[in-house]
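Observations on the model geometry
Read off the chains here:
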Amino acid sequence: DVLKDFKEAQSVVDKETSVISNDIQKKNKKAICEILMVYSFHRLVDVFGNIPYDDALNIENLAPKYDDAKAIYDKLFTRLDAAIANLDVNESSFGSSDKIYNGNVTSWKRFGNSLKVKMAISVADVLELNPGAKISSAIAGGIFTASSQDAKYKYLDAQPNTNPVYVQFIASGRNDWVVANTIVDTMNFLNDPRRDDYFDQNLGAGIYTGGVYGTYNDYYSYTHVSPTVVAPTREAILINYTELQFYLAEAAERGLIGTPADAVTYYNAGITSSILYWGGTAADAADYLLNPNVAYATAPGATYKEKIGLQAWLAFYDRGLLGWTSWRRLDAPMFNYPPGQAVGSQFIPKRFTYPISEQTINGSNYKAAASAIGGDNLTTRLFWDLTNKQ
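As a starting point, this report considers the structure included with it. Computed from a predicted model, the values in this text were never measured in an experiment.

So, the overall build of the chain
When helices and strands are counted, the chain shows 15 helices and two strands. On C-alpha atoms alone, the chain measures out to a radius of gyration of 22 Å, which is about the 21 Å that the 2.2 N^0.38 rule sets for 390 residues. If you line up the chain on its principal axes, its C-alpha atoms span 60 × 50 × 50 Å. Burial status across the chain gives 49% buried among its 390 residues. In the chain, the share of contacts with a sequence separation of at least 24, taken over all contacts with a separation of at least 6, comes to 68%. Entry remark: accessible area of the chain is about 17,700 Å², with carbon and sulfur atoms responsible for 55%. Side-chain charges of the chain comprise 35 positive and 42 negative groups, with the mean position of each set lying 4 Å from the other.

Here's what the structure looks like:
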């Protein structure tokens, strides 16, 4: 649906008259659509693995074949580079119709390069895709350097234009969501200053008790999600400065950019920007970073993946796909296991299974795709998920 809209938008731009857009403005508009198509395909690959790509978005083809996920990534990098190169910062684009950057082409160029870093760190273990070169070229082209440059989409306060989380938590009338002890226990241990921003204080000021992970929990006995998170106008983040800092910290540790010593700077910047974004102060961030369980040099964990993985996961609190993907890549943090669940067993999905409709509508291609990835199972690892998990 989203991808088809972007493709159609590019076709509409081609038909605009010179009164609406000159040739450079058209090129900018189409490049922005292209960048967002790359973003969307990238998300699909990171969720499912192999997907229809070469045959996708063709309404005449009712049975598109699935393409290899790694090959798709390679093509997406090429498309992204071309789209970034097509952006002319001296001309305008969509103007006020652009609800993310108000038509600012420089901002979209930063977004494109930041997306390249995001994609490259996803495939950091897949050396054939040259992740280090991708990250270096993105940095040279200009990436986010401050939270003010984040790509955010603002929802409205009236349905149907409210944040989907508000619809699930509030508009639905459901009162059965509590925060799991996995994150509450961790943040309590770290005395994390974001607790009063992430969580409601329904149990009393400064009291946070997570529900037992994987079991039934009484709604009134455990900590609820904060009003900030479930607000109808809560903004959605496409990519932000905070996540980029954690990616760069990881890249430095991997030797893809700079030196391992640079990882500390990026790690601290990621934590600080997250705390500030959620309403904390610079003093809050400084105090938190002095905590020996947070400070990079002394934080628990034998590897950088454990240190960066934990703090990135905490910062990605209300961005479920991002937190899940970070965990899949870095094998961190360790989660609480449901009661009765043997430690080490495979109970957290590694991917989404394909939609049931594919089995009936596109059966032969579905079967070929399932076979190619090792089975259409929740436990099947994606091509970039090379390391063993807990």
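Past the structure itself, the notes keep going.
Overview of helix H3 (residues 69-85)
A rise of 1.5 Å per residue sets the reference length of H3, with its 17 residues, at 24 Å; its end C-alpha atoms lie 24 Å apart and thus fit the reference within 8%. Every buried residue of H3 is listed here: Ala69, Ile72, Tyr73, Leu76, Phe77, Leu80, Ala83 and Ile84. All buried residues of H3 lie within an arc of 145 degrees about the axis, which places them on one face of the element. Facing away from the buried side of H3 by more than 90 degrees, the exposed set consists of Thr78 and Ala85. In this structure, the buried residues of H3 make contact with helix H2 (23-48), helix H4 (105-122) and helix H5 (131-141). Of the residues flanking the start of H3, the one acting as N-cap is aspartate 68, its side-chain oxygen 3.2 Å from the backbone nitrogen of lysine 70.

Re the packing of aromatic side chains
Applying the stated criterion across every chain yields a total of 25 aromatic pairs. With a centroid separation of 5.9 Å and 20 degrees between ring planes, the pair formed by phenylalanine 48 and tyrosine 354 is classed as stacked. On the criterion of sequence distance, the pair formed by phenylalanine 48 in helix H2 and tyrosine 354 in the loop between helix H13 (320-330) and helix H14 (356-361) is long-range, its members being 306 residues apart. Linked through ring pairs, Phe48, Tyr66, Trp324, Phe352, Tyr354 and Tyr366 together constitute an aromatic cluster. Lying over the aromatic face of phenylalanine 77, lysine 134 brings its terminal NZ or CZ to 4.8 Å of the ring centre. Positioned above the aromatic ring of tyrosine 296 is the side chain of lysine 307, whose terminal nitrogen or guanidinium carbon lies 5.9 Å from the ring centre.

A few points about empty space enclosed by the protein
All chains considered together, the criterion is met by four cavities of 30 Å³ or more. The calculated volume of the largest cavity comes to roughly 70 Å³. Elements with a minimum of two residues in the lining of the largest cavity: helix H9 (241-253) and helix H10 (262-277). For the lining of the largest cavity, a count of residues per class yields five nonpolar, three polar and three charged.

Brief notes about the nonpolar core
Grouped together as the largest cluster of nonpolar side chains are 98 residues, with contacts concentrated most on Phe111, Leu115, Ile183, Phe199, Tyr267 and Tyr317. Top contributing element to this core by residue count: H2, with 11 residues. If near-sequence neighbours (up to four positions away) are discounted, tyrosine 267 is found in contact with Phe246, Ala249, Val294, Tyr296, Ala299, Lys307, Ile308 and Gln311.

Topic: the pattern of salt bridges
For side chains of opposite charge, pairing can occur when their charged atoms come near one another. Per the stated rule, a full pass over the model turns up 19 salt bridges. Linking lysine 75 and aspartate 54 is a salt bridge whose minimum nitrogen-to-oxygen distance equals 2.9 Å. With lysine 75 in helix H3 and aspartate 54 in the loop between H2 and H3, the pair connects residues that are 21 residues apart, well separated along the chain. Here aspartate 54 falls in the partly exposed class, since its relative accessible area comes to 41%. In this structure, the salt-bridge partner of arginine 254 is glutamate 250, at a minimum N-O distance of 2.9 Å. Its relative accessible area of 22% is what places arginine 254 among the partly exposed residues.

Points about the layout of surface pockets
If you add up the space inside the second largest pocket, you get close to 620 Å³. Along the wall of the second largest pocket there are 22 residues; nearest its centre are Pro52, Ala56, Leu57, Pro64 and Glu358. Broken down by secondary-structure element, the contributors of at least two residues to the lining of the second largest pocket are helix H1 (2-14), H2 and H14. For the lining of the second largest pocket, a count of residues per class yields 15 nonpolar, three polar and four charged.

Some points on the packing of H1 against H2
A pair of packed helices is captured by two measures, namely the crossing angle of their axes and the spacing between those axes. Contact geometry for H1 and H2: axes closest at 9 Å, N-to-C directions at 165 degrees. With respect to each other, H1 and H2 are oriented roughly antiparallel. Between H1 and H2 lies a crossing of left-handed hand. Within the contact between the two elements, H1 uses Val2, Leu3, Phe6, Lys7, Ala9, Gln10, Val13 and Asp14 and H2 uses Lys26, Lys29, Lys30, Cys33, Glu34, Leu36, Met37, Ser40, Phe41 and Leu44. The residue makeup of the contact of H1 with H2, split by class, is 10 nonpolar, two polar and six charged.

A closer look at the side chain of threonine 162
Locating threonine 162 in the fold gives a position in the loop between strand S1 (151-153) and helix H6 (164-171). For threonine 162, a relative accessible area of 5% puts it in the buried group. Apart from the residues within four sequence positions on either side, threonine 162 is in contact with Tyr155, Leu156, Asp157, Val167 and Pro232.

Cut-offs and rules
Residues numbered from 1 in each chain as written. Predicted model: local features only at pLDDT ≥ 70, side-chain atom pairs only at ≥ 80, totals over all residues. Heavy atoms only, no water. Helix = DSSP H or I, 4+ residues; strand = E, 2+ residues; numbered from the N terminus. Rg over C-alpha atoms; globule rule 2.2 N^0.38 Å. Buried < 20%, exposed > 50% of the residue type's maximum accessible area, 1.4 Å probe, protein only. Contact = heavy atoms within 4.5 Å. Areas by Shrake-Rupley, 256 points an atom, 1.4 Å probe, with all protein chains shown as cover. Lys, Arg positive; Asp, Glu negative; His and termini not counted. Charge placed at Lys NZ, Arg CZ, Asp CG, Glu CD. Expected span 1.5 Å × (residues − 1). Arc of directions from axis to C-beta. Polar contact = N/O pair within 3.5 Å; in protein donor to acceptor, adjacent residues only side chain to side chain. Phe/Tyr/Trp six-rings, centres within 6.5 Å; stacked < 30°, edge-to-face > 60°. Lys NZ or Arg CZ within 6 Å of the ring centre and 35° of its normal. 1 Å grid on protein atoms, 1.4 Å probe; cavity = no way out; pocket = protein on both sides within 12 Å on 5 of 7 lines; lining within 4 Å. Points joined across faces, edges and corners; volume = space filled by probe spheres on them. Nonpolar A, V, L, I, M, F, W, Y, C, P; charged D, E, K, R; others polar. Core = buried A, V, L, I, M, F, W, Y, C linked by side-chain atoms within 4.5 Å. Salt bridge = Lys/Arg side-chain N within 4 Å of Asp/Glu carboxyl O. Axes fitted to C-alpha atoms, helices over the stretch in contact; angles between N-to-C directions. Parallel < 35°, antiparallel > 145°, perpendicular 65-115°, else oblique. Left-handed = near helix turned anticlockwise from the far one by under 90°.

It is worth stressing that arrangement in space is one thing and function is another; only the former is reported here.
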